[in-house]
Amino acid sequence: MAELPFLLFDADNHYYEAEDAFTRHIEPRMKRRCMNWATLNGRKELLVAGKVNRFIPNPTFDPVARPGCLDDYYNGINPEGKSIREAFGALEPINPVYRDRDLRLEKMTEQRVEKAIYFPTLGVGMEEALKDDTHAVHTAFEAFNRWLLDDWGFAYQERIFAAPYISLMDLDRAVKELEWALENDARFIVMRPSYVYQKGGSRSPADPYYDPFWQIVNDSGITVVYHGGDSGYGEYMSDWGEGGSIESFGSSPLRSISMSHKAPFDLMAALIAHRLFERFTNLRMASIEMGAFWVPWLLQSLERTYGQDPSYFFEDPVETFKRHISIAPFHEDSVLKLKDLIGAENLLLGSDWPHAEGLVNPADFAKDLDGFSDSEVKMVMRDNCLALSQRRPV
C-alpha cells in the first residue's frame, strides 16, 4: 500500500498503566477499599476491593504481548485451532514506549501518527470491580486521573489526548471531576458503556437525573468516548450458566457470540430512546473498541420503532444517531457497508495500538477502506477525529 499523503489521527491508542496509576494520589486509608498490590505465592497481584483481580492476567504488564499478535485470531483465522494463550506467542519485556509519553511521541512520528486519543488498559475494567462501593469508585478514578495528568497529560503537545475516566455513580462527584478535567484542558472523557449501577436500582445514563452533568458536557463541547471494557454483563451470563467476572482474553464461545456487541447496542439505544440528544443537541460521542457489528441491528431497530410510534421521537432516530455518534469499527468489520449506513463522516481510525488484538501498524487500517474516495479515506484516517478533538462550546 502506498504511503498516505497526510498524517494520521488514531482514535484508539493505549498506555500500559504504571503500577502506581491508582495508588500514587489515593488517600492511604482508601487503598484497602480500592487498589493495592500484594505478593501471593511469589507472584505480584493486584488487589481490587481486597480481592485478587483477573481483568488483566498480568497487571504489571511485564512481560506483555507483542502489538498485533492476535490479529489473525480476531479475524477468525486460526486453522490450527490454537488456544488464545498459544496464539499470543512469546511475551516480551515491557517496551518503554508503552509508559513514557516522550518516547511514545517518537514512535508515533515513526508510524506517521500525528495525534491520538489514549485510553486505559487496566482501567476500563475497574468500575465494575468496585461498583458495590460508590465512594471507592470515585476515589479510585479521581486518583487515577491525577496520575494520568502527571504521566500523559490531557492534550500533551497537542498530540497525545489522554482521556480522563469519569463515572456517573455519584452525580455530584462526576460533575466536580468533569469541571476539573475541563480546567486541565481535557478534550475527551471516557466512560463505561453501560447503565449506571446503583444497589437500590440502576439508571440509564440518559435519565434526566444526570442532566446537570450532561449540561456541562453539552455547553463545553467536549467529546464523550465510550470505550469497550467490563460493562457488567457477566452477571447476565450467569442466567445461561456462564456467570463470573470478565477476564480479558478469557471469553467463552457463548460469550463471544452473544455478548460482545450487547453493551454498545443497549447503551446507544438507551441514549436515543431516553431522549438525551433532544435535551442536549451539542453532544458528540464516539464508540471505541466495540466494533460495529451492532450498528445495522440498532439502526434497523430504531427504524422499526420510529415507524410504530413516530410521535415519541422528536425526529427520525437514525438521523439522531448519525448526527451525534461516531464509530471506530474493528478493521475486521465490513467498513464499506458501515459507510453506506452512517457515512464516512462518522467513521474513525482505531488501531488499538499496542494491544495484542490491534494493528501492528495503524496505517494498515486504510487497507480496509477499499471503495472509499481519497477524501473519505482522509476523513476516516484523520479529519473526523481532529474535529472531535476540538471543543465545540455553545
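The text that follows walks through the structure, step by step, so that each part is easy to find. (Residues numbered from 1 in each chain as written. Predicted model: local features only at pLDDT ≥ 70, side-chain atom pairs only at ≥ 80, totals over all residues. Heavy atoms only, no water.)

Turning our attention to the side chain of Asn-145. Looking at where Asn-145 falls in the secondary structure, it is placed in helix α5 (residues 134–151). Look past the residues within four positions of Asn-145 in its chain and what remains in contact with it is Phe-154, Pro-164, Tyr-165, Glu-177 and Trp-180. (Helix = DSSP H or I, 4+ residues; strand = E, 2+ residues; numbered from the N terminus. Contact = heavy atoms within 4.5 Å.)

Glancing now at the nonpolar core. With 123 residues, the main nonpolar core has Phe-213, Trp-214, Tyr-226, Phe-321, Ile-327 and Met-381 as its most contacted residues. No other element matches the eight residues that α5 contributes to this core. With sequence-adjacent residues up to four places away left out, Phe-213 is seen in contact with Ile-166, Leu-168, Leu-171, Ala-174, Val-175, Leu-178, Ile-189 and Met-191. Among the nonpolar cores identified, the runner-up in size contains seven residues, and Ala-65, Cys-69, Ile-84 and Ala-87 belong to it. (Core = buried A, V, L, I, M, F, W, Y, C linked by side-chain atoms within 4.5 Å. Buried < 20%, exposed > 50% of the residue type's maximum accessible area, 1.4 Å probe, protein only.)

This brings us to the pattern of salt bridges. When charged atoms on two side chains of opposite charge get close, those side chains can pair. Counting across every chain of the model gives 26 salt bridges. Of the charged contacts in the structure, one is a salt bridge between Arg-173 and Glu-142, with a shortest N-O distance of 2.9 Å. Taken together, the residues span a long stretch of sequence, with Arg-173 in helix α6 (residues 171–183) and Glu-142 in helix α5 at a distance of 31 residues. Linking Lys-378 and Asp-383 is a salt bridge whose minimum nitrogen-to-oxygen distance equals 3.1 Å. Overall, the relative accessible area of 30% leaves Lys-378 in the partly exposed class. Connected via shared salt-bridge partners are Asp-20, Arg-24, Asp-150 and Asp-151. (Salt bridge = Lys/Arg side-chain N within 4 Å of Asp/Glu carboxyl O.)

Here we come to empty space enclosed by the protein. Applying the stated criterion across every chain, the model contains four cavities of 30 Å³ or more. Lining the largest cavity we find Glu-127, Ile-166, Ser-167, Leu-168, Met-169, Met-191, Arg-192, Ser-194, Tyr-195, Val-196, Pro-205 and Tyr-226. Of the residues contributing to the lining of the largest cavity, the split by class is eight nonpolar, two polar and two charged. Of the volumes computed, that of the second largest cavity is approximately 70 Å³. (1 Å grid on protein atoms, 1.4 Å probe; cavity = no way out; pocket = protein on both sides within 12 Å on 5 of 7 lines; lining within 4 Å. Points joined across faces, edges and corners; volume = space filled by probe spheres on them. Nonpolar A, V, L, I, M, F, W, Y, C, P; charged D, E, K, R; others polar.)

Let us now look at the sheet that holds strand β1 (residues 8–14). Strand pairing in a sheet takes place through backbone hydrogen bonds and is either antiparallel or parallel in direction. Read from one edge to the other, the open sheet built from three strands follows the order β1-β5-β6, with strand pairing classed as parallel. The open sheet has two edge strands with one neighbour each: β1 and β6 (160–162). With strand direction ignored, the average angle separating the axes of adjacent strands in the sheet is 20°. Of the pairings in the sheet, the one linking β1 to strand β5 (residues 113–119) comprises five bridges and is parallel in character. The residue of β5 that forms the bridge with Phe-9 is Lys-115. Sheet strands in contact with helix α15 (residues 374–388) are β1 and β5, and its direction is about 75° off that of β1. (Pairing = 2+ DSSP bridges. Axes fitted to C-alpha atoms, helices over the stretch in contact; angles between N-to-C directions.)

Here we take up the packing of aromatic side chains. For the coordinates displayed, the defined rule picks out 20 aromatic pairs. With 6.0 Å between their ring centres and 70° between their planes, Phe-141 and Phe-144 make a pair best called edge-to-face. Of the two residues, Phe-141 and Phe-144 both sit in helix α5, three residues apart, roughly one turn of that helix. Take Phe-141 and Phe-144: they sit in the same class, and that class is buried. It is Arg-192 that lies over the ring of Tyr-195; its NZ or CZ is 5.9 Å from the centre. Between the NZ or CZ atom of Arg-203 and the centre of the ring of Tyr-209, over which it lies, the distance is 4.2 Å. (Phe/Tyr/Trp six-rings, centres within 6.5 Å; stacked < 30°, edge-to-face > 60°. Lys NZ or Arg CZ within 6 Å of the ring centre and 35° of its normal.)

With that out of the way, let us pick up the pairing of strand β8 (residues 223–227). Burial analysis of β8 places five of its five residues in the buried class, the great majority of the element. Side chains Thr-223, Val-225 and His-227 project from β8 onto one buried face, and the interleaved Val-224 and Tyr-226 project onto a second face that is buried too. Relative to β8, strand β7 (residues 188–191) is paired through four bridges, and the arrangement is parallel. Following the sheet pairing, Phe-188 is matched in β8 by Thr-223. Remark: the β7/helix α7 (residues 211–220)/β8 crossover connection has right-handed handedness. (Right-handed = clockwise from strand over helix to strand, strands pointing away.)

Another point: unusual backbone geometry. The step from Asp-62 to Pro-63 runs through a cis peptide bond, and the omega angle for that step is 10°. With respect to the secondary-structure elements, Pro-63 resides in the loop between β4 (51–52) and α1 (71–74). Pro-354 follows Trp-353 through a cis peptide bond whose omega is 5°. Among the structural elements, Pro-354 can be located in the loop between α14 (335–342) and α15. Of note, the phi angle at Glu-158 is positive, near 55°, even though the residue is not glycine. Structurally, the position occupied by Glu-158 is in the loop between α5 and β6. Its identity is not glycine, yet Asp-352 carries a phi of approximately 65°, on the positive side. Mapped onto the secondary structure, Asp-352 falls in the loop between α14 and α15.

Looking at chain direction, strand β2 (residues 35–40) and strand β3 (residues 43–48) are connected through six bridges and run antiparallel. Note that in β3 the partner of Trp-37 across the bridge is Leu-46. Taking the residues between adjacent antiparallel strands as the criterion, β2 and β3 are bridged by two residues, where Asn-41 takes a positive phi near 55°.

Angle between the axes and distance between the axes: these two values describe a pair of packed helices. Packing of helix α12 (residues 294–308) against α14 brings their axes to within 10 Å, and their N-to-C directions diverge by 25°. As summarised for this structure, α12 and α14 are arranged roughly parallel, according to the angle between their axes. Taken as a pair, α12 and α14 cross one another with a handedness that is left-handed. Mapping the contact onto sequence places Val-295, Pro-296 and Leu-299 in α12 and Leu-338, Leu-341 and Ile-342 in α14. Classifying every residue of the contact of α12 with α14 gives six nonpolar, no polar and no charged. (Parallel < 35°, antiparallel > 145°, perpendicular 65-115°, else oblique. Left-handed = near helix turned anticlockwise from the far one by under 90°.)

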